[in-house]
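Given next are the chains, with one letter for each unit.
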Amino acid sequence: MRKKIVTCAVTLTIMAGIFCFPAHGHTATESQGQVEQQKTAVPRPAAPTGVKSKALNSETIKLTWKKASGASGYEIYRYSFKKKTYRKIGTTSKTSFKSRGLRADTRYRYKIRTVIKQDGKAYYSRFSKTVKRKTQKSDGQKVVAKARKKIGASYRAGASGPKAFDCSGFVYWVYKTSDVDTKKKVARTSSAGLSQSLKKYKVGSSIKSLKKAKAGDILLFTNGGSYSHAGIYSGKGKLIHAANARKGVVSQSVRQLHNSGTRVAAIIRVVE
């Protein structure tokens, strides 16, 4: 009886070795793990490289980069100084992207990451290096920048630059030399002449209308009668103008003129 028991035990041991252990010395658990690992292997996208930026105008920045191997697309992020974090602003399958609707003369930061889609899932790379770019000045800002360069110049009746100006001559010279696209040419004429030739582009007519004014707008004034003075609005309630023989070209508060009796009679916009 004992001999039969021993024989059965040996037989069971041999059978267990045959059916429970796979070839090459790997356990069943190890082989199953390798199969699962192959099934769950995920792609590792490469981050975009060669990222460059270029300001196309006062409200658009173009981003370009090199194609990442196997990429399904890319996500573009822009830094929000208000939120203190990067926010996704768009996706593309191309290797370029235009960030639009920006503020003029303002610096922005961007970074990009690659996306690979596989089996209905999305996999993301690390972010690219951050790129920074400043938008160009608006035409209005270019006009103001040109006007600022002449602060301190002399006033002389009938003069239109480049060393001395009267009020309308100053407006004429600034627009003539600012290299901007205007809706209509600003002629060498009087304040009344500016009003007559540019009245189609009027956007306001009082001190309250300054809320509508933009940098680069032409301001026309009256002092109890017809148009008597002209200047260039520089923003934040100020203008740059050829004031008089004593002051010359100065930057001054519009309200200061208003309080002295010189009233805003027209705000003219010939550039955006």
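Our subject is the structure listed above.
On a predicted model such as this, the values are computed, not experimentally measured, just so you know.

Colleague: Which parts of the structure should I look at to understand the nonpolar core?
Modeller: Side chains of nonpolar character tend, in soluble globular proteins, to be buried together. In this structure, Phe170, Tyr175, Ile218 and Val270 are the most contacted members of the largest nonpolar core, which totals 26 residues. Put simply, the parts of the chain that give this core at least two residues each are helix H3 (139-148), helix H4 (167-177), helix H5 (191-198), strand E12 (218-222), strand E13 (227-235), strand E14 (238-244) and strand E16 (263-268). With near-sequence residues (within four places) excluded, isoleucine 218 lies in contact with Val171, Tyr175, Val186, Leu198, Gly231, Ala266, Ile267, Ile268 and Val270. Counting 14 residues, the second largest nonpolar core, distinct from the first, contains Trp65, Ala68, Ala71 and Tyr108.

Colleague: Which parts of the structure should I look at to understand the sheet that holds strand E5 (residues 96-99)?
Modeller: By way of backbone hydrogen bonds, the strands of a sheet pair with one another, either parallel or antiparallel. Read from one edge of the open sheet, three strands run E1-E2-E5, paired in antiparallel fashion. Every other strand in the sheet has two partners, leaving strand E1 (52-55) and E5 as the edge strands with one partner each. On average, each strand axis in the sheet is inclined to that of its neighbour by 20 degrees, with strand direction left out of account.

Colleague: Looking at this model, I keep getting lost on the sheet that holds E12. Mind explaining?
Modeller: Strands sit in the order E11-E16-E12-E13-E14-E15 across an open sheet of six strands; the sheet is antiparallel. Edge strands, defined here as strands with exactly one partner in the open sheet, are strand E11 (202-204) and strand E15 (248-253). Averaged over neighbouring strand pairs, the angle between their axes works out to 35 degrees when direction is ignored. Of the strand pairs in this sheet, E12 and E13 are connected by five bridges, and their pairing is antiparallel. Along E13, the bridge assignment pairs leucine 220 with alanine 230. Sheet contacts for H3: E13 and E14; angle to E13, the most-contacted strand, approximately 110 degrees.

Colleague: Looking at this structure, how should I read the side chain of threonine 92?
Modeller: Mapped onto the fold, threonine 92 is located in strand E4 (residues 85-92). When its relative accessible area of 16% is taken as the criterion, threonine 92 is described as buried. Among the polar contacts listed, one links the side chain of threonine 92 to the backbone nitrogen of lysine 94, at a separation of 3.0 Å. Aside from chain neighbours lying at most four places away, what touches threonine 92 is Trp65, Gly73, Tyr74 and Ile76.

How each quantity is defined
For every chain, the first residue of the written sequence is number 1, and numbering continues from 1 along that sequence. It should be noted that, the model being predicted, local features are given only for residues of pLDDT at least 70 and side-chain atom pairs only at 80 or more, the latter also being counted only at that level, while totals for whole chains, interfaces and linings use all residues. Hydrogens are left out, water is left out, and the side-chain values use all remaining heavy atoms of the structure. By nonpolar core we mean a set of buried residues, namely Ala, Val, Leu, Ile, Met, Phe, Trp, Tyr and Cys, connected to one another through side-chain atoms within 4.5 Å. Burial classes follow relative accessibility: with a 1.4 Å probe on protein chains only, a residue under 20% of its type's maximum area counts as buried, one over 50% as exposed, and anything between as partly exposed. A run of H or I in DSSP becomes a helix once it reaches four residues, and a run of E becomes a strand once it reaches two; helices and strands are each numbered from the N terminus. Here, residues are in contact when the closest pair of their heavy atoms is within 4.5 Å. Strands were regarded as paired on the criterion that DSSP finds at least two bridges between them. Every angle, taken between N-to-C directions, lies between 0 and 180 degrees, and every axis is a line fitted to C-alpha atoms, over only the stretch in contact when it is a helix. As used in this structure description, the phrase polar contact means that two N or O atoms lie within 3.5 Å; if the pair is within protein, one of them must be able to donate a hydrogen and the other to accept it, and residues adjacent in sequence are counted only when both atoms belong to side chains.

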